[in-house]
Number of protein chains: 4
Amino acid sequence: MDLTARYKEVRQRTEKICSFLQTEDYVVQPVVDVSPPKWHIGHVTWFFETFILKPYFMGYQEYNPDYNYVFNSYYETVGTRVIRTDRGNLSRPTVVEIYSYRKYVDEAMESFLCGDVSDDVKELLILGFNHEEQHQELLMTDIKFILGHNPLFPAYNKSYVAPHIDEGRDDAFIKMDEGIYEIGFTGDGFCFDNELNCHKVYLNAYQVSPMLVTNAEYLEFINSGGYHDFRYWHAEGWDWVKTNKVEAPLYWHLVDNEWHSYTYHGLEPLHLKEPVTHISYFEAYAYASWKGLRLPTEFEWEAAAGKFNWGRRWEWTESSYLPYPGFAKAPGAIGEYNGKFMVNQKVLRGASEVTPPGHSRATYRNFFQTNLRWQFTGIRLAK
Amino acid sequence: MDLTARYKEVRQRTEKICSFLQTEDYVVQPVVDVSPPKWHIGHVTWFFETFILKPYFMGYQEYNPDYNYVFNSYYETVGTRVIRTDRGNLSRPTVVEIYSYRKYVDEAMESFLCGDVSDDVKELLILGFNHEEQHQELLMTDIKFILGHNPLFPAYNKSYVAPHIDEGRDDAFIKMDEGIYEIGFTGDGFCFDNELNCHKVYLNAYQVSPMLVTNAEYLEFINSGGYHDFRYWHAEGWDWVKTNKVEAPLYWHLVDNEWHSYTYHGLEPLHLKEPVTHISYFEAYAYASWKGLRLPTEFEWEAAAGKFNWGRRWEWTESSYLPYPGFAKAPGAIGEYNGKFMVNQKVLRGASEVTPPGHSRATYRNFFQTNLRWQFTGIRLAK
Amino acid sequence: MDLTARYKEVRQRTEKICSFLQTEDYVVQPVVDVSPPKWHIGHVTWFFETFILKPYFMGYQEYNPDYNYVFNSYYETVGTRVIRTDRGNLSRPTVVEIYSYRKYVDEAMESFLCGDVSDDVKELLILGFNHEEQHQELLMTDIKFILGHNPLFPAYNKSYVAPHIDEGRDDAFIKMDEGIYEIGFTGDGFCFDNELNCHKVYLNAYQVSPMLVTNAEYLEFINSGGYHDFRYWHAEGWDWVKTNKVEAPLYWHLVDNEWHSYTYHGLEPLHLKEPVTHISYFEAYAYASWKGLRLPTEFEWEAAAGKFNWGRRWEWTESSYLPYPGFAKAPGAIGEYNGKFMVNQKVLRGASEVTPPGHSRATYRNFFQTNLRWQFTGIRLAK
Amino acid sequence: MDLTARYKEVRQRTEKICSFLQTEDYVVQPVVDVSPPKWHIGHVTWFFETFILKPYFMGYQEYNPDYNYVFNSYYETVGTRVIRTDRGNLSRPTVVEIYSYRKYVDEAMESFLCGDVSDDVKELLILGFNHEEQHQELLMTDIKFILGHNPLFPAYNKSYVAPHIDEGRDDAFIKMDEGIYEIGFTGDGFCFDNELNCHKVYLNAYQVSPMLVTNAEYLEFINSGGYHDFRYWHAEGWDWVKTNKVEAPLYWHLVDNEWHSYTYHGLEPLHLKEPVTHISYFEAYAYASWKGLRLPTEFEWEAAAGKFNWGRRWEWTESSYLPYPGFAKAPGAIGEYNGKFMVNQKVLRGASEVTPPGHSRATYRNFFQTNLRWQFTGIRLAK
């Protein structure tokens, strides 16, 4: 791999995403799970500075020690972090200042990459690339939330087109045999630590749909009163529905009695054939219950993943996010990447239309809390 | 089974537990998870009235229709429930009135049981017995919470003795082979719906301790700063520790620099050799991390359960509470018993010193949220 | 004054009020402002023990030092108090134990009162009598809240009759001249420190109604949409209405389209001719605005008090609770009685149907936060 | 008055204040009481558009109907407002767009002012000028809050100099006689409706300090434990201190054991001779109690205002914000300006170093809730 080329490509992709923003869009944080775009672009830069340049690039001069405080995320090992809810209150450093910081770090990185890079550092670099790709996806979803919650419903980019993935249109469920399956990553390339330790899992016979649930299908659930019948919901999901008065997926608006949804183009009439998205696990589960079906486990999903086209939505699974047998946290700050989140979250498999190309794979384990909806989540049914 | 005898035995056991209470103790609800004892004794009575007498005992006259409203719990199918946090605000019906209600229902039940009982009803009856046993355990833990949070630290019963279970004192971990294990209930007797559907699970080789972690061992964790080092905790657990300023298990008090704990006898110096209890899942996980070990999964626990003595503590497992393959909710209110809680909870296995004798079994799946501590929870280590 | 006779009379009146309660009614605390009746009867006893017996009765043996902790209220000088919201979680001491405590203190007090009593102590005693009378009124309102929020709507006392006060029925407003009025207590008898420092106040000419607003009149406000038109409300009151979805006075229930209210006899059809009660300051103000009128200030009220019959309702005034010129807190715990509450509360004048006879007077200053409704509050209009 | 000149002057002053900001500084809202600067500059523009141009300038074309929704404040009459806490989540309209809106309205206003202006409209115009001046002061305090809560402590303007007001340095209290004083506005010029209805108030003899309390004096209060002794505080103030762990005025930081405060120049060592500022009413009251003195009432303040130099700090008074005799709200949205806030707030008198020159006067009644500190508040003692 040409590390310099890969570095530049990743870094430029981030800036491309932000090129459609106004300065003000970089600053706000409407809810705790959404970070201001300027924080993202600072944080991914801080990652390279903290984990590559400071320990491994002799003579590197830290850009600004205060930035360590401002752009840290959840890495408790590194220092006191800015509490996550406070990020949206920080007008400084400005966007221009953060781009200067990026430039400074990029120049240092490019010098650094001209020299010899040890295997250990190479591994960290590749982690850094994947880390920045994860934040590219978060940028896309956070920007959607920021603009989609503005009463003016501004477009992000009128030319935005989701990548094409052919799902076909075959309703026959894929049949999978009972038996032992190998689960987890085995190749040579990069994977996250939570995919490691390939291991055997025994599965009963099951079936899985080749198609994602569409907006049209989800609308039937709404129209049949699905949000008003506790029988389809977990007790905690039912509380969530009632407390938050949830009546539809995030970004759906009933305008003059017609459903619209906010997209990167602005507010548009609902595209009925598109796969439903921006739903919580609670909603995915309730929809499946209403259909008399269920969600696949992450093991069922992975075992069958070669038999359908995935990549349009992060697909909620029935599996909780737990360590694979033999999982161990890496020492130091890097070890905080995944393990500390392995409680009270659900695994999502696949990828979404805003996942950077090549970022995901069949063994990739994404994870979110059961109530969250701002990612491009979706539903695949099993039985 | 002599259903009448079984019915009487269960009902009397509940009243025996309450015989040590003052009237005032029946009324209060210090936190949402703890119910007032008078609610428990009304609710288990309501269960028999609602699911047996009203549908199956011809000519049965409902005791008081308003009680349906007061003593319902989470059965959304049956009617509007009293919101759980309000239970502790209800001074009426009085304790005397609720005992009259019990007597009325008991007399009707005893008449009913003199007649022929269909298999369907027998199944419901046995569910009712097991349901009341679960509330017996909750009565014990709720009473402990109520008295243990009173600044006067009154004893519940100076003669209370926990049932004896010999753990031995052998530190060698039990070794278990890699392979396929059968998990789930298979016998003829009663089990809950969440234990059904015996199925195969593939386990890697593992080891599990024959002993529970003791207070003395847990004290080492405290003394070595375990509550002040984020590295041992999940991110959510760490927030919980800091938000609630947790420094020790529930009921532990440092009096004149010596650790005490509140017991059914009142406040006593900590019994160092006893298994630690009243800890959250977060604490169990942190303790195991600090030891460089881990908690067993519920499958590992069940596969090895024949090789150690259990029953002193509900043992936190690493497993999330999820449906077994093929799990389906029963129709109607009974179907709300278990399935609706299968999200964001952890499985506990075994039984505790206040579990009614014979109530639990090796396939029994108890479950609680990760932050709860008022049950007699404990820690068994694995690797 | 025969102090022993006065002491006995006050103490017996408290017990008379409680004689209609069940043990369970003594225990609960449905909201923070309502204290459990058992706390009241302990607290007023603790007052005599703490401020009379312990400092002035040689050889007095404190009943139980822990009670100081349990029955303290807001007297920060005396020791750490039980946080007010926790009172309803304490099942111990039991009601029987608290009555034993009362008996013990009563016996000691009666011995003490046989001896010589200095003027200073006599003053404290009279404060103690008035203090217990205030808690008698709180007992009546707290009991009403406890029983009136129970879904069974139990009666407190079917024989309860409010004392008769003839309001007449004359709608002509009383006219008062512009000029200087003397405000504050001047007699020989007892008054609270907040009434002292009689001083001159200059009032413009004003008029005040001889009648309280009735339920029938208030119903017109409701029926004309008063709770849905922000123009009649303070901004803070409007937020309160919307946040709490307030639609009517406390204890009003629309049953089969007819207004009922909970009374000491249970739920009854609304008595239209009775003065409206259980309304917040926000509602009193909004009603007056809707009428194109206003509430009197406490000075206007006091200056005119000789010209109308008062005593059925505590009457919200437009005045904030502030110190009179020259007001100074007494040193020590007694000084905490009034002064520390002189912020963000409104003055109420008069007395209510549950104020002990003889307790109030024309200079008496009652005070509550603007959102509170569980007292027998009412409305007198001015212009 | 040359209305065009006055209009331009006011509008330019607002823009001058903002000229020191970065775009990002315009966007954030760290707490509910602080509005984003871009909201202020839009809102004051919306005021002229809504109350002058739309009703009175024939043929005026509204700039953007959605702005009515975005820039409304608390004027319930005009339409649904953006909930105040949401303001900081709006990245659009951008700062550039809002300045375009200002320019559009300014041009229309200047055309409009070339024509004949009726007396009614003139009154509204002058209200609009005063309204914008109030927002100029809020801009200054909100900007201070935004930058002063940024961990980088950026300066607002290194050249900022507070206007000079000579307080002298005479500690002798000014003596005022008992008697009747005239309170309220009487001149020809502009005043707010809450100052109207000049009326007589009877005051006892009192004394008031010619000097504001300094930082050095306030430091003595801190050093003597004032924040840890409940006796100096209202009960509600004491709760506020403990809940918020308040230890010093807002913006004070103990750096290497030396007190600093954040100023418009950045973080600086505390200026001991300056009048203390950024304190709540609770703190002002506690300081006065600790000194054995008190705060003046607003009437005492106004009666003595000719005898001392004021204008450096908004001075907390002991008076609650209440209507003067005969006060009546104007009809329509303008009537919401003051009256709806007349509950649970305290009056502040004087002006501060960031009050626009000429904006305040001796009868001016400012008002805030008792816990707020982000204004330039201060303490003048009375006895």
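What you see is a predicted model, and the numbers here were worked out from it, not measured in a lab. (Residues numbered from 1 in each chain as written. Chains lettered and ligands numbered in written order. Predicted model: local features only at pLDDT ≥ 70, side-chain atom pairs only at ≥ 80, totals over all residues. Heavy atoms only, no water.)

A. Main features of the relation of the copies chain B and chain A. For the pair chain B and chain A, the superposition axis carries a translation of 0.0 Å, the fit reaches an RMSD of 0.0 Å, and the rotation angle comes to 180°. A rotation of that kind, with that shift, is consistent with a two-fold axis. Looking at the interface residues of chain B, 100% of them are also at the interface in chain A, so both copies use one shared face. (Least-squares fit on C-alpha atoms with pLDDT ≥ 70 in both. Contact = heavy atoms within 4.5 Å.)

B. Quick look at the pairing of strand β8 (residues 314-320) of chain B. All names here are of chain B. Within β8, seven of the seven residues are buried, leaving the element largely enclosed by the surrounding structure. A two-sided burial pattern is seen for β8, the buried positions comprising Trp 314, Trp 316, Glu 318 and Ser 320 on one face and Glu 315, Thr 317 and Ser 319 on the other. As paired elements, β8 and strand β9 (residues 346-350) share four bridges and run antiparallel to each other. Each bridged residue has a counterpart across the sheet, and for Ser 320 the counterpart in β9 is Lys 346. (Buried < 20%, exposed > 50% of the residue type's maximum accessible area, 1.4 Å probe, protein only. Helix = DSSP H or I, 4+ residues; strand = E, 2+ residues; numbered from the N terminus. Pairing = 2+ DSSP bridges.)

C. A look at the interface of chain A and chain D. The interface of chain A with chain D comprises 27 residues on the first partner and 27 residues on the second. With both sides pooled, the region where chain A packs onto chain D buries about 2300 Å², and carbon together with sulfur makes up 62% of that total. When the buried surface of chain A facing chain D is broken down by residue, Glu 24, Arg 92 and Leu 152 of chain A rank first, second and third, together holding 30% of it. Between chain A and chain D we count two salt bridges in total. Asp 25 of chain A serves as the salt-bridge partner of Arg 92 of chain D, at 2.6 Å between the closest nitrogen and oxygen. (Buried area = accessible area lost by both parts, 1.4 Å probe. Salt bridge = Lys/Arg side-chain N within 4 Å of Asp/Glu carboxyl O.)

D. Looking closely at the UniProt feature "domain: DinB-like" (unreviewed entry) in chain A. Following the UniProt record, the feature "domain: DinB-like" (unreviewed entry) maps to residues 7-53 of chain A here. As annotated, residues 7-53 of chain A has a helix share of 62% and a strand share of 0%, and its two end C-alpha atoms lie 14 Å apart. (UniProt positions renumbered as here; feature names shortened; annotations may be inferred.)

E. How the structure looks around the nonpolar core. Ranked by size, the top nonpolar core spans 185 residues in total, and within it Tyr 218, Trp 233 and Ile 379 of chain A together with Tyr 218, Trp 233 and Ile 379 of chain D carry the most contacts. Counting residues per element, this core draws most heavily on helix α5 (residues 119-148) of chain D, which supplies 13 residues. Excluding its chain neighbours within four sequence positions, the residues that come into contact with Tyr 218 of chain D are Val 213, Tyr 227, Pro 249, Trp 252, Val 276, Ile 279, Glu 283, Tyr 287 and Ile 379 of chain D. In this structure, Leu 348 of chain B together with Phe 112, Leu 113 and Phe 221 of chain C belong to the second largest nonpolar core, which totals 184 residues. (Core = buried A, V, L, I, M, F, W, Y, C linked by side-chain atoms within 4.5 Å.)

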